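Structure assessment
So you can see what is in the structure, the chains are spelled out below.
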Amino acid sequence: MNRILKTTAIAAAVMSVAGVAQARDQIRIVGSSTVYPFASYVAEEFGATTDYPTPVIESTGSGGGLRLFCNGGGDDTPDITNASRRMKPSEFERCAENGVTDITEAFIGYDGIAFAQSNANEQMNVTREQIFLALAAQVPQNGELVDNPYTRWNEIDSSLPDREIAVYGPPTTSGTRDAFEELVMEAVSEDMEAYGGEGYTDIRADGAYIDAGENDNLIVQRLSENTDAFGIFGYSFLEENDDSLIGSSIDGVEPTPEAIGSGEYPVSRSLFFYLKNQHSDDVPSMYEYANMFMSEQMIGELGYLKGIGLIPAPEDLREEARNAVESQEQLELSDLQ
Amino acid sequence: MSQSFDEISAQLKRRHRKSARLKWLSMGALGLAGLFLVIFFADMLGKGLPAFQQAQIRVEVTYSEQSQQLPLAAVNEDVRELVSRGWLRTLPMMMRDNPQLLGTSRQEWVLADGQVDQYLKGHYTRLDDDEKEIVDALAEQGRAELQFNTTFFSRGDSKMPELAGIMSAAMGTVMTLLVTLAVSFPIGVMTAVYLEEFAPDNRLTQIIEININNLAAIPSILFGLLGLAIFINFFGVPRSSPLVGGLTLALMTLPVIIIATRTALRSVPDNIRHAAFGVGCSRWQVVRDHVLPLALPGIMTGSIIGLAQAMGETAPLIIVGMVAFIPDISASVTDAATVLPAQIFTWAGEPDRAFVEKTAGGILVLLTILIAMNATAVVLRKKFERRW
């Protein structure tokens, strides 16, 4: 009996703690799972080397992060959101509607998307068009769109290996998938007459493309089990597993940090985070965090983030991005269009 | 006698064969389940046990003005890449707090870089050949070795595998479960007492009963959405806090506790109640002094099992923001925190290969706690259970 009374008392105490609203000194960050490893590295450094508490970072995906970020200017909304693509104009407008008008954009560097396989195979040279033909739901044949008939790579081009088409890739919620659709599927199909100049991004659903979930490690594991298959994932996972995987060269360019950084490697994307300047009074430490993120020791050529897979931007772009953050430059809709 | 003796004995043989077959089949099923369990545990132990050891190297540490500015200068150039950068960066603050260190230098065991750790454990490593030679030489002189990994049990998450620990997630789990217990236990038990001992049996209580049984079977992610809508958006409870996680899990645990308590109350024979009424007790006295104490072991067992279930839950906690990167050990239920299964989920997604053993090590810790909780439930039941 006493036990019950005691627990009731504890419950009441807990509830009363909840009632007291707290001022916040901890930065709250949401957003892309691709930027997450870099952001959490900086956050940890920030917590360990300053007297501020370590920022809280949730990995919600780029779209999910911007949705939370644009929910309003209140104290319970995130201060920073990470994105593995640029904010869309529609997202900017939604932000503005909800009163989030003063945003600063920070460009931190690049990430490449690897098209890799087990290193039990020879390296494959493939073009974006060949990848498109292997994975699109409908492909043009004799001027008409038909359901994708290809089951083996060498049916697309005789230079490709005689192997079944099997590709492990991310699901539709992933930013990696967004980028892949944009940089490969759209880019190729816009130049094809059969699609009428429109980007075509439907990926075939007959089993050749295998949705392998958000966890890139799973794709890596499966590639060593199924040596015939290919995988689509972020470059940092290729770098970390270079003892078992080999990246295909795309349009004749090998996936190296230099080629990705210079934009030569065609499937690379820019990484960003966005700061909500309205929170500058409530959470002043967010600028110290942002400046630490933008410093040479993090995103520079010899920075720590390079060691965990970030591909640094050229020096002038880094400098420009750093100045934008330091001066809290306000993002305009016209910048995004 | 229409059947001959032969016919009957053939029939008997068939029946015996049938029952023998069934026996073998069920033993096979048990064996298969056991085999899966053994394979799972062997895999986890094989991968996870190395996580409980951590490479340390003995180096000369110089506490000078220069190393206060540039921590890298505190150790010799040849081992600079081999010590943990996470340890190096704490030097300036350590010297600030202990000024007497300034100007001294001494031999110390320090945390090695995660890659050295992986190399000493014989795993894949990114060290180059020169660095491997240095580590080999150090190991031969007894200046590099695997020691018990206190970091793993005393620190929070980190991007550097050598610094990553399970403690912040464990504290988060403890606080979340305390909130869950504090909310769901009293409400659940009181609801069950009312429904079982006081409520009339009419259409309304029948509908309530059906709904409680339904709630117990609802996918947990829905409780997460409910928690987000009610606790965070409406009541303004801080996101990612053990408080909101605990309240959400309490919603999930409530039906389990209610059902367990009702079963326990029902198993107390009516004789007890009749006898108590017979000597003039009120209904409340009967419940408080006689029925509840007898039902308590059953209630406790049900609650512990409900809590163990809540402890393994991640889906609803993703929605309320508890799957996050938390290096600090949170001190109150309103601080941001994460829980053990969420920590395991986070580590499983890390690109760095050294996190494979951390993931398995985390699973071992979680399993140990779960087994301990379930064993407590069994012991409580065995010790206090009364048969009528």
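Definitions and cut-offs
Residues numbered from 1 in each chain as written. Chains lettered and ligands numbered in written order. Predicted model: local features only at pLDDT ≥ 70, side-chain atom pairs only at ≥ 80, totals over all residues. Contact = placed C-beta atoms within 7 Å. Helix = DSSP H or I, 4+ residues; strand = E, 2+ residues; numbered from the N terminus. Pairing = 2+ DSSP bridges. Expected span 1.5 Å × (residues − 1). Bend = angle between axes of the 7 residues up to and from the residue. UniProt positions renumbered as here; feature names shortened; annotations may be inferred. Domains from an automatic or database assignment. Core = buried A, V, L, I, M, F, W, Y, C linked by C-beta atoms within 7 Å. Buried ≥ 20, exposed ≤ 12 C-beta atoms within 10 Å, placed from the backbone. Axes fitted to C-alpha atoms, helices over the stretch in contact; angles between N-to-C directions. Parallel < 35°, antiparallel > 145°, perpendicular 65-115°, else oblique. Left-handed = near helix turned anticlockwise from the far one by under 90°. Nonpolar A, V, L, I, M, F, W, Y, C, P; charged D, E, K, R; others polar.

1. What to know about the interface of chain A and chain B
Residue-level contacts link 32 residues of chain A with 35 residues of chain B. Elements represented by at least two residues in the side of chain A that touches chain B include exactly helix H1 (2–19), helix H2 (36–49), strand S2 (56–58) and helix H9 (235–240) of chain A. Relative to strand S4 (residues 324–325) of chain B, S2 of chain A is paired through two bridges, and the arrangement is antiparallel. Paired with Glu58 of chain A across the two strands is Ala324 of chain B, which belongs to S4 of chain B.

2. Re helix H8 (residues 167–198) of chain B
The end-to-end C-alpha distance of H8 of chain B, which contains 32 residues, comes to 45 Å, matching closely the 46 Å that a straight helix rising 1.5 Å per residue would cover. Maximum bend of H8 of chain B: about 25°, positioned at Ser184 of chain B, with proline Pro186 of chain B one to four residues after it.

3. Considerations on the UniProt feature "transmembrane region" (unreviewed entry) in chain B
Residue and element names in this part refer to chain B. With numbering aligned to this structure, UniProt lists the feature "transmembrane region" (unreviewed entry) at residues 21–42, 163–195, 215–237, 243–265 and 360–380. Structurally, residues 243–265 comprises 100% helix and 0% strand, and the distance from its first C-alpha atom to its last is 30 Å. The annotated region residues 360–380 carries 100% helix and 0% strand content, and the separation between its end C-alpha atoms amounts to 30 Å.

4. Describing the domain arrangement of chain B
Split by domain assignment, chain B resolves into domain 1 (56–147) and domain 2 (167–384). On a C-alpha basis, the centroid separation for the pair domain 1 of chain B and domain 2 of chain B is 45 Å.

5. Looking at the UniProt feature "domain: ABC transmembrane type-1" (unreviewed entry) in chain B
Residues given the UniProt feature "domain: ABC transmembrane type-1" (unreviewed entry) here are residues 170–376 of chain B. From the first C-alpha to the last, residues 170–376 of chain B spans 19 Å; its make-up is 76% helix and 1% strand.

6. Focus on helix H6 (residues 129–140) of chain B
If you check H6 of chain B, its first and last C-alpha atoms are 16 Å apart, about what 12 residues at 1.5 Å a residue would give, namely 16 Å. Where H6 of chain B terminates, the next one or two residues include Gly142 of chain B, which has phi positive at roughly 75°.

7. Concerning the nonpolar core
Core analysis: the biggest nonpolar cluster contains 155 residues, and Ala39, Ala106, Ile108, Phe273 and Tyr274 of chain A have the highest contact counts within it. Examining the composition of this core, we find that 14 residues originate from one element, helix H11 (residues 242–266) of chain B, more than from any other. Setting aside chain neighbours within four positions, we find Ile108 of chain A in contact with Phe38, Leu271, Phe272, Phe273, Phe293 and Ile299 of chain A. In terms of nonpolar packing, the next biggest core, distinct from the first, is built from 21 residues, Ala74, Val79, Trp87 and Ala112 of chain B among them.

8. With respect to the packing of helix H10 (residues 220–234) of chain B against H11 of chain B
Residues and elements named next belong to chain B. Between H10 and H11, whose axes approach to 9 Å, the crossing angle comes to 130°. The orientation of H10 with respect to H11, classified from their angle, is oblique. When you trace H10 past H11, the crossing you get is right-handed. Facing H10, whose interface residues are Ser220, Phe223, Gly224, Leu226, Gly227, Phe231 and Ile232, H11 presents Val244, Leu247, Thr248, Leu251 and Met252. Its residues assigned to classes, the contact of H10 with H11 shows eight nonpolar, four polar and no charged.

9. Quick notes on the environment of Met160 of chain B
Locating Met160 of chain B in the fold gives a position in the loop between helix H7 (150–154) and H8. Each C-alpha atom, one on Met160 of chain B and one on Ser84 of chain B, is 8.3 Å from the other, the two residues being 76 residues apart in sequence.

10. A short note on unusual backbone geometry
Residue and element names in this part refer to chain A. One non-glycine residue with positive phi stands out, namely Asp251, at about 50°. Along the chain, Asp251 turns up in the loop between strand S12 (249–250) and helix H10 (257–262). Taking the number of C-beta atoms within 10 Å as the measure of exposure, Asp251 has 15 and is therefore partly exposed. The phi dihedral of Gln328 falls on the positive side, at around 50°, and the residue is not glycine.

11. Digging into the domain arrangement of chain A
All names here are of chain A. What the domain assignment lists for chain A is domain 1 (24–110 + 269–336) and domain 2 (112–268). Averaged C-alpha coordinates put domain 1 and domain 2 at centres separated by 29 Å. In this complex, domain 1 contributes 15 residues to the contact, which on the side of domain 2 involves 17 residues. Its residues assigned to classes, the side of domain 1 that touches domain 2 shows six nonpolar, seven polar and two charged.

12. With respect to the pairing of strand S7 (residues 144–147) of chain A
Note: strand S6 (residues 138–141) of chain A against S7 of chain A, four bridges, orientation antiparallel. Across the sheet, residue Gln138 of chain A finds its bridge partner in S7 of chain A, namely Asp147 of chain A.

13. A word on the sheet that holds strand S3 (residues 144–148) of chain B
All names here are of chain B. Sheet architecture is open: three strands sit in the order S2-S1-S3, paired in antiparallel fashion. Lying at the two open borders of the sheet, with one neighbouring strand each, are strand S2 (104–111) and S3. When the angles between neighbouring strand axes are averaged without regard to direction, this sheet yields 35°. Note that strand S1 (residues 53–63) and S2 share eight bridges and pair antiparallel. If you follow Glu60 over to S2, its bridge partner there is Gln107.

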